Amino acid sequence: MPPVIDKEKCIGCGLCVEICPCEVFDIDHAPKTVPVVLYPRECWHCNACVLDCPRKAVDLRFPLHYMITTTDAAALNHKAGD
Ligand code: SF4
Ligand code: SF4
C-alpha cells in the first residue's frame, strides 16, 4: 500500500515531496497544500516520509507479501513469551 496522508495533521510543508526518492508525491505549490500520492506503485517503503514528517501525518501500509518476507519470526516468538 502507498503512504497515506492525514489531511487533518498535514501542514503542507512539502518535506515528504522533497525527500521521497521515488517521487511518489506531488504537491500544488500553493501554501499549505496537502500532497497527492501520485505514483503509489513506485513506493519502496523506505519510511523516510513517515520519519521526517514534522506532524507525523504520514502512515505507511505495508503490503502483506512485504510483511511476510521481512518479519523476524524469532522476534515474534520472543514477544509471545516463547
Ligand atoms: S511532510 Fe508531513 S506535514 Fe509536510 S507536506 Fe508531507 S505530510 Fe504534510
Ligand atoms: S516510504 Fe519512501 S518511497 Fe515510499 S513514499 Fe515514503 S519516502 Fe517515498
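### Regarding the overall build of the protein
- Within the protein, the regular secondary structure consists of 4 helices and 4 strands.
- Helices and strands appear in the protein in the N-to-C order β-α-β-β-α-β-α-α.
- Residue burial in the protein is summarised as follows: out of 82 residues, 27% are buried.
- Relative to all contacts within the protein whose residues are 6 or more apart in sequence, the contacts with residues 24 or more apart total 48%.
- Accessible surface, the protein: about 6100 Å² in total, of which carbon and sulfur atoms supply 57%.

### Observations concerning unusual backbone geometry
- One non-glycine residue, His45, lies in positive phi territory at about 60°.
- By the secondary structure assignment, His45 is in the loop between strand 3 (36-37) and helix 2 (48-52).
- A relative accessible area of 14% places His45 in the buried class.
- Within the chain, Asn47 stands out as a residue other than glycine whose phi angle is a positive 80°.
- You can see Asn47 is positioned in the loop between strand 3 and helix 2.

### Describing the site of ligand 2
- Cys20, Cys43, Cys46, Asn47 and Cys49 are the nearest of the 14 residues found near ligand 2.
- Here the shell around ligand 2 is built from residues that sort into 12 nonpolar, 2 polar and no charged.

### Describing the environment of Asp52
- In this fold, Asp52 is placed in helix 2.
- Under the relative-accessibility criterion, Asp52 is labelled partly exposed at 39%.
- Separated by 33 residues in the primary sequence, Asp52 and Ile19 place their C-alpha atoms 8.4 Å from one another.

### Description of the site of ligand 1
- All residues in the neighbourhood of ligand 1 are listed as Ile5, Cys10, Ile11, Gly12, Cys13, Gly14, Leu15, Cys16, Pro35, Cys53, Pro54 and Val58.
- Of the residues contributing to the shell around ligand 1, the split by class is 10 nonpolar, 2 polar and no charged.

### Side note on the side chain of Thr33
- Relative to the assigned elements, Thr33 resides in the loop between strand 2 (25-26) and strand 3.
- Here Ala30 takes part through its backbone oxygen, which lies 2.6 Å from a polar atom of the side chain of Thr33.
- Apart from residues lying up to four places away in sequence, Thr33 is in contact with Gly12, Ile27 and Asp28.

### Overview of the environment of Tyr39
- Structurally, Tyr39 is set in the loop between strand 3 and helix 2.
- Spatially, the C-alpha atom of Tyr39 lies 8.7 Å from that of Asp26, the residues being 13 residues apart in sequence.
- Setting aside anything within four residues of it in sequence, one finds Tyr39 in contact with Glu23 and Val24.

Rules used in this analysis
Residue indices begin from 1 for each chain and proceed along its sequence in written order. The naming scheme follows written order: chains are lettered A onward, ligands numbered 1 onward. Confidence filtering applies because this is a predicted model: local features only for residues at pLDDT of at least 70, side-chain atom pairs given and counted only at 80 or more, and all residues used for totals across whole chains, interfaces and linings. Side-chain metrics rest on all non-hydrogen atoms present in the structure, leaving aside hydrogens and water. Put simply, DSSP H or I for four residues or longer makes a helix, DSSP E for two residues or longer makes a strand, and each gets a number counted from the N terminus. Using a 1.4 Å probe on the protein chains alone, a residue whose accessible area is under 20% of its type maximum counts as buried, one over 50% counts as exposed, and one in between counts as partly exposed. The contact rule is simple, with two residues in contact once any of their heavy atoms fall within 4.5 Å. Areas reported here follow the Shrake-Rupley algorithm with a probe of radius 1.4 Å; residue values treat only the protein chains shown as occluding. Whether a residue is near a molecule or strand depends on its heavy atoms: if one lies within 4 Å, it is near. Residue polarity is assigned by list, with Asp, Glu, Lys and Arg as charged and Ala, Val, Leu, Ile, Met, Phe, Trp, Tyr, Cys and Pro as nonpolar; anything else, Gly included, falls into the polar class. We define a polar contact as two N or O atoms separated by no more than 3.5 Å, with the added condition that, inside protein, one atom must be a possible hydrogen donor and the other a possible acceptor, whereas residues neighbouring each other in sequence contribute only through side-chain atom pairs.

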